[in-house]
Amino acid sequence: MAWRKFPEGFLWGAATAAYQIEGAWNEDGKGESIWDRFTHRKYTILNGDTGDVACDHYHKMPEDVALMKELGLQSYRFSIAWTRIFPDGRGSVNQKGLDFYERLVDKLLAAGIIPNVTLNHWDLPQALQDEGGWVNRDCTAWFVDYARVMFDRLGDRVPLWSTHNEPWVIAFLGYAFGFFAPGIADYSRAYQASHHLLLSHGLAVQAFRAGGYQGKIGIVLSLSCYQPASEKESDRAACKRVYENNSALFLQPLFKGSYPEMLFNWIASHAPKIEEGDLKVISEPIDFLGVNYYFTEAIAFAQWGGFLKSSSTPVSAPGWGYTEMGWGINPPGFKSVLLDIKENYGNPKIYITENGCAFKDTPDDNEFVSDWERINFLRAHLLALHDALQSGVNLHGYYVWSLMDNFEWAHGFAPRFGLVRVNYQTLRRIPKQSALWYREVISRNGFEE
Ligand code: IFM
């Protein structure tokens, strides 16, 4: 049996996001976010679930950090709820909100766990949405003001920062399809939002550099593997459109300072307004790229396939099936995504900021879940990562999504992604088999194949 050892210093962690776990949606001065507003509207979320209580992490934070320590995590990726810091998005700061994250960071450091902070994991203040949200160019400045407050307060203790989590999801699921908050369906607004997200990222990176903080800063993208459904020219072209729209729309401006030309010809009048100098700001060098990988899809030309005239079918690798989300389990697709970044975007330093799966977990009488499917999934993806490392991908760490079961956006609490089971009635946390397995991987910095 081959021993798959990861490089010394490879960082092992798990991730969550504020809205998905914190609860306490209107406590201690927190303002309303677009996700509070969205979930409180009828028929937006499966079973009418909301993040009002979620995992109640806001109150159980010390217990959760103790659990992370017990599981041997070296790093914890979490996001900050902008509305805890600025209840109205801007203006006066809410000290209690700042104090909460300061306590969390200090507890993590005391437990020997490296904090990895994401500033925006989708929960924009509703007050800013009322002024247009990410479609309004002023939002870029509001974001930088918020970022600066966080850098000032935590910059001496947080070594890893990300500006945004998955801007494609924010822009397209939020502004083009209306599946997610703020529930808008308008392509022009989606492209404008995506441009402003990128611009605000670049401006925040500049502010970070100007402040002389010691940490590293990057951005987190959701990158999937897209394969043409056939050799037909029309399928290949559709696949290119989807790749450019979902991946290159972000990778190219960040790493090359330009937007994908073919896509921009396609979207024509829906293209965003770009001001002189914007692309230079967006391509401000970053310290790392965060990659979230979940699935691979086959893309075909589809006459009725919406704006991009494409349809997608989940593709699982031979011998693999689908997760509870219906996503194709495809570890080789993970490697392809990483090789694309290496070959086409200058081989930046990468952290895998999310990778994981939801399966139907069946707890026993002690609420223990023997989630071997999850272990097989994680193991296979780590093997693909190890292969990618051998191929020269500049990879430095891996975070499982997610530390614990949580609120999975439009799907509510139905899908369970956690290494730790959460009983949503009692809020008890019970580590699953996968958590015990992962602890072993971390302690050995690898595993036997
Ligand atoms: O739960 C989400 C997370 O918030 C962002 N990335 C994908 C995860 C699974 O869908």
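Our subject in this report is the structure included herewith. Worth saying up front: this structure is predicted, and the values here are computed from it rather than measured.

**Here's the deal with helix α5 (residues 95-110)**
- Between its first and last C-alpha atoms α5 spans 22 Å; for 16 residues at 1.5 Å apiece the expected length is 22 Å, and the two agree.
- Those residues of α5 lying buried are Gly-97, Leu-98, Phe-100, Tyr-101, Glu-102, Leu-104, Val-105 and Leu-108.
- In the stretch just after α5, Gly-112 is the one whose phi turns positive, near 75 degrees.

**Here's the deal with the sheet that holds strand β11 (residues 350-354)**
- Pairing is parallel around the closed barrel formed by eight strands, whose spatial order is β2-β3-β4-β5-β6-β8-β11-β12. Recorded for the sheet is a direction-independent mean angle of 25 degrees between the axes of neighbouring strands.
- One ladder, built from three bridges, connects β11 with strand β12 (residues 395-401); its direction is parallel. Each bridged residue has a counterpart across the sheet, and for Tyr-351 the counterpart in β12 is Gly-397.

**Topic: the state of the cysteines**
- Summed over all chains, the structure comprises zero disulfides.
- Looking at the unpaired Cys-239, the closest cysteine sulfur is the one in Cys-225, lying at 8.2 Å.
- Residue classification places Cys-239 among the buried positions, given a relative accessible area of 7%.
- Between Cys-357, a free cysteine, and Cys-55, which holds the nearest cysteine sulfur, the sulfur-to-sulfur gap is 17 Å.

**Observations regarding the site of the ligand**
- Close to the ligand lie Gln-20, His-121, Trp-122, Asn-165, Glu-166, Tyr-294, Trp-327, Glu-354, Trp-401, Glu-408, Trp-409 and Phe-417, which account for all nearby residues.
- Between the ligand and Gln-20 there is a distance of 2.7 Å, counted from an oxygen atom to a side-chain nitrogen or oxygen.
- Look at the ligand: alone it shows 280 Å² of surface, and the protein chains cover 95% of it.
- Among the cavities detected, the one that contains the ligand is the largest pocket.
- Here the residues of the shell around the ligand sort into six nonpolar, three polar and three charged.

**Overview of the sheet that holds strand β7 (residues 225-228)**
- Taken together, the three strands give an open sheet; going across it, the order is β7-β9-β10, and neighbouring strands pair in mixed fashion. Unpaired on one side and paired on the other, β7 and β10 (310-314) mark the two borders of the sheet. Strand-to-strand twist of the sheet, defined as the mean angle between neighbouring strand axes without regard to direction, takes the value 35 degrees.
- As paired elements, strand β9 (residues 296-301) and β10 share five bridges and run antiparallel to each other. Paired with Ala-300 across the bridge in β10 is Ser-311.

Calculation notes
- Residues numbered from 1 in each chain as written.
- Predicted model: local features only at pLDDT ≥ 70, side-chain atom pairs only at ≥ 80, totals over all residues.
- Heavy atoms only, no water.
- Helix = DSSP H or I, 4+ residues; strand = E, 2+ residues; numbered from the N terminus.
- Expected span 1.5 Å × (residues − 1).
- Buried < 20%, exposed > 50% of the residue type's maximum accessible area, 1.4 Å probe, protein only.
- Pairing = 2+ DSSP bridges.
- Axes fitted to C-alpha atoms, helices over the stretch in contact; angles between N-to-C directions.
- Disulfide = S-S within 2.5 Å.
- Near = heavy atom within 4 Å.
- Polar contact = N/O pair within 3.5 Å; in protein donor to acceptor, adjacent residues only side chain to side chain.
- Areas by Shrake-Rupley, 256 points an atom, 1.4 Å probe, with all protein chains shown as cover.
- 1 Å grid on protein atoms, 1.4 Å probe; cavity = no way out; pocket = protein on both sides within 12 Å on 5 of 7 lines; lining within 4 Å.
- Sits in = over half its atoms within 2 Å of the grid points.
- Nonpolar A, V, L, I, M, F, W, Y, C, P; charged D, E, K, R; others polar.

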